[in-house]
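Observations on the three-dimensional arrangement
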Amino acid sequence: MKRNVRVTLLGAALAIALTACAPTTSNTGGDDSGTSADAALYGGTIETAAASDPETFDPAVCTGATCWNIMRMVFDRMYDYKGETSELKLQAAEDFPEISDDGLTYTMKLKEGLTFSNGDPVTAKDVAYSYARVLDPATQAGLAEFWKGIAGAEEYAANPTGLPSGIEVVDDLTLKITLTSPNSSFKYVLAMPAGSIIPEGSGDTIGTEPVGSGPFTLTDFTPGVEVNLDRNADYWDSPRPYVDGVHMTLGVDPDNQVLMLQKGDIDLMGSPIPPAKFLQVTTDAKLADQIVEIEKPSIYYLAMNVTTAPFDNPKVREAISYAFDRDALLKLVNGQGKPATEFIPPGVLGYSGDDMTHGKDVEKAKELLAEAGYPNGLETQMFAWNVAPFSALAPQMQQDLKAIGITVDLQTLAPNTFAELAGSGKAPLALTFWVADYPEGSDFLQALMSCATAVPQGHNYAYYCNEKMDASVQEALAATDPDVATEKYTEASELMLSENPVVPLYFGTKTEIHGPTVGGYFPQPIWGWDMAEYWKTDGEKSRS
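What comes next is a walk through the structure. Every value quoted in this text rests on a predicted model; they were computed, and no experiment measured them.

Below, the discussion takes up the nonpolar core. Membership of the largest hydrophobic core comes to 148 residues, with the highest contact counts inside it found for Met78, Tyr79, Tyr131, Trp147, Ile320, Phe324 and Phe343. Those residues in contact with Tyr131, other than ones at most four positions away along the chain, are Met78, Met108, Trp147, Ile167, Leu175, Ile177, Leu190 and Gly195. Counting 12 residues, the second largest nonpolar core, distinct from the first, contains Ala49, Val252, Met260 and Leu287.

This next bit is on the pairing of strand E1 (residues 45–49). Direction of pairing for E1 relative to strand E10 (residues 245–249): parallel, over a ladder of five bridges. Note on E10: the bridge partner recorded for Glu47 is His247. The pairing of E1 with strand E11 (residues 268–269) spans two bridges and is classified as parallel. The residue of E11 that forms the bridge with Thr48 is Leu268.

Take the state of the cysteines next. A complete count under the given rule lists two disulfides for this structure. In this model, Cys451 is linked to Cys465 through a disulfide, with the two sulfur atoms separated by 1.9 Å. Note on the Cys451 and Cys465 pair: the S-S dihedral is about 90 degrees, so by sign convention the disulfide is right-handed. Remark: Cys465 occurs in the loop between helix H13 (442–449) and helix H14 (467–478) and Cys451 occurs in the loop between H13 and H14; sequence separation between them is 14 residues. For Cys465, a relative accessible area of 44% corresponds to the partly exposed category.

Next up on the list: the environment of Tyr79. The topology assignment puts Tyr79 in strand E2 (residues 79–81). With 175 residues separating them in the primary sequence, Tyr79 and Pro254 have C-alpha atoms 32 Å apart. When residues no more than four places from it in sequence are discounted, the contact partners of Tyr79 are Leu88, Lys89, Leu90, Gln91, Ala93, Asp95, Phe96, Pro97, Met108, Lys187, Leu190 and Ala191. A distance of 3.2 Å separates the side chain of Tyr79 from the backbone oxygen of Asp95, its partner in a polar contact.

Another point: helix H11 (residues 390–403). Taking 1.5 Å per residue, 14 residues should reach 20 Å; H11 reaches 20 Å between its end C-alpha atoms and fits that length. Of all the positions in H11, only Phe390, Leu393, Ala394, Met397, Asp400 and Leu401 are classed as buried. Seen from one end, H11 has its buried residues packed into an arc of 125 degrees, which puts them on one side. Along H11, the residues that are exposed and aim more than 90 degrees away from the buried face are Gln399 and Lys402. After H11 finishes, the residue Gly405 shows a positive phi value of roughly 105 degrees.

In this section: the packing of helix H8 (residues 314–321) against helix H10 (residues 362–371). Running from N to C, H8 and H10 cross one another at 170 degrees; their axes reach a closest spacing of 8 Å. In terms of their interaxial angle, H8 and H10 are classed as roughly antiparallel. On H10, the residues touching Lys315, Val316, Glu318 and Ala319 of H8 are Ala365, Leu368, Leu369 and Glu371. Per-class residue counts for the contact of H8 with H10 are five nonpolar, no polar and three charged.

Let us now look at the packing of aromatic side chains. For the coordinates displayed, the defined rule picks out 23 aromatic pairs. For the ring pair Phe57 and Phe221, a centre distance of 5.3 Å and an interplane angle of 85 degrees mean the geometry is edge-to-face. Residue Phe57 is located in the loop between E1 and helix H2 (65–74), and its partner Phe221 is located in strand E8 (residues 216–222); the two are separated by 164 residues in the primary sequence. Considering the side-chain rings of Tyr79 and Phe96, the 5.5 Å spacing of their centres and the 15 degrees angle between planes classify their relative orientation as stacked. Within this pair, whereas Tyr79 is found in strand E2, its partner Phe96 is found in the loop between strand E3 (88–90) and strand E4 (98–99), the two being separated by 17 residues in sequence. An identical accessibility class is assigned to Tyr79 and Phe96; each is buried. Ring pairs connect the aromatic residues Tyr300, Trp385, Phe390, Phe433 and Tyr506, which therefore count as one cluster.

The next point concerns the sheet that holds strand E14 (residues 378–385). If you trace the six strands from one edge of the open sheet to the other, you get E13-E17-E12-E16-E14-E15, paired in mixed fashion. The open sheet has two free edges, formed respectively by strand E13 (337–339) and strand E15 (406–413), since each of these has just one partner strand. Each strand axis lies, on average, 30 degrees off the axis of its neighbour in the sheet, ignoring direction.

Rules used throughout
Residues numbered from 1 in each chain as written. Predicted model: local features only at pLDDT ≥ 70, side-chain atom pairs only at ≥ 80, totals over all residues. Heavy atoms only, no water. Core = buried A, V, L, I, M, F, W, Y, C linked by side-chain atoms within 4.5 Å. Buried < 20%, exposed > 50% of the residue type's maximum accessible area, 1.4 Å probe, protein only. Contact = heavy atoms within 4.5 Å. Pairing = 2+ DSSP bridges. Helix = DSSP H or I, 4+ residues; strand = E, 2+ residues; numbered from the N terminus. Disulfide = S-S within 2.5 Å. Polar contact = N/O pair within 3.5 Å; in protein donor to acceptor, adjacent residues only side chain to side chain. Expected span 1.5 Å × (residues − 1). Arc of directions from axis to C-beta. Axes fitted to C-alpha atoms, helices over the stretch in contact; angles between N-to-C directions. Parallel < 35°, antiparallel > 145°, perpendicular 65-115°, else oblique. Nonpolar A, V, L, I, M, F, W, Y, C, P; charged D, E, K, R; others polar. Phe/Tyr/Trp six-rings, centres within 6.5 Å; stacked < 30°, edge-to-face > 60°.

In structure tokens, the structure reads:
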């Protein structure tokens, strides 16, 4: 999810939520979910609102907040996430992949009898087509890099005909995928939006006329006005979904979403609670039962471009690592987080629980600057998004840096402009964040800090490269024992943070509010909404 397309997904991440549990797999199907079918009621429509239109209904291309939630409603993937955890569960797959001893080959089998919403059967050819299409440059899939570990991916991108050599259709229900190197995170890649299954040959129309095998079907989209989705009566995971439909009103800013929810006009907000409304909402006793405080697998941090003076000097970077009071910063964002102690957040494989960061120490920072050759301080630029929470954090961090002798020219920018400048290496300091695409440390250390991503328009804004760190991450990905993987990720984290290319600030949390008539509600740490699991409390005991 990198380049500018990642920016829209990060915006989406601000609108989705929950506590991330230990990343494991659960040998369950749809019936072992986050809610109880015995308690559920049937019928009714869940009303939602979103600030913007879905930019597409193509799961390979979707990265924005609005379409992100719709993808989970319309499409199935081989695997999905169980309830309010980051455990994988079976979805379209009959079982979890059979992985070869060398960790390279994944053999997967579909459930029998699955059908798309148009009545056509779901086959292994559809799955193979869906995966191959992500690697076709013509698709312009924002998540393609997660799939490039498939054998033959590079050759296929140069000549996208047939299938990549690493994707093989064994029979109508069986698919075999071969990787170029062991990658324990690949099972999570299959549960990402781009892993959604679409009918073979539907790539030209899927973005406007989506056909999936998911719990809902798109029935109407009026740009700038609304999206309507109806329950898929033939969905394999009966009795889900419980509601008859979902209606999404478009173009509603977050402040008005709060008002609509308080008036009972909507059940769920597509945007986070805006900062100006936060205290009003969270201290309203009448809303206490409707508020959920959640922990996101995310990190907010300051990146220093190690290829640009003065941040090519390790002592300057170390000095900055002593500049900030994390607790004070969190007060500026309504306490929506916990002080970061490392780079990999809780709930993600590789989180050690160790404190690898430095607390605020102005005198220590000044001493280090003097040792670096800047006894009288220095001047630099810092880039940040021009929206919350960065609009609150950046001015305070500017003052904190001033206190240690660094004068900062603060540039607050629109997210796309920020990503372009920081990604191109033009940001000496970049205030940014990352939310887990999947709950493994490689999605932080490899995606943000590896040599491979220290390239123009990557997300390694520090342009940091340490081959020893990369090797430790590869060893973690090849490990079959989670304890061994955690040991290797910890080794990589300690090495990276000892060189201070980034300053971890806080692990993000989020407070959500839902309407009083939403039953079985929980947010999902990776996806956000799990609309097939919710019901209306004024529904019926049986489906008419």
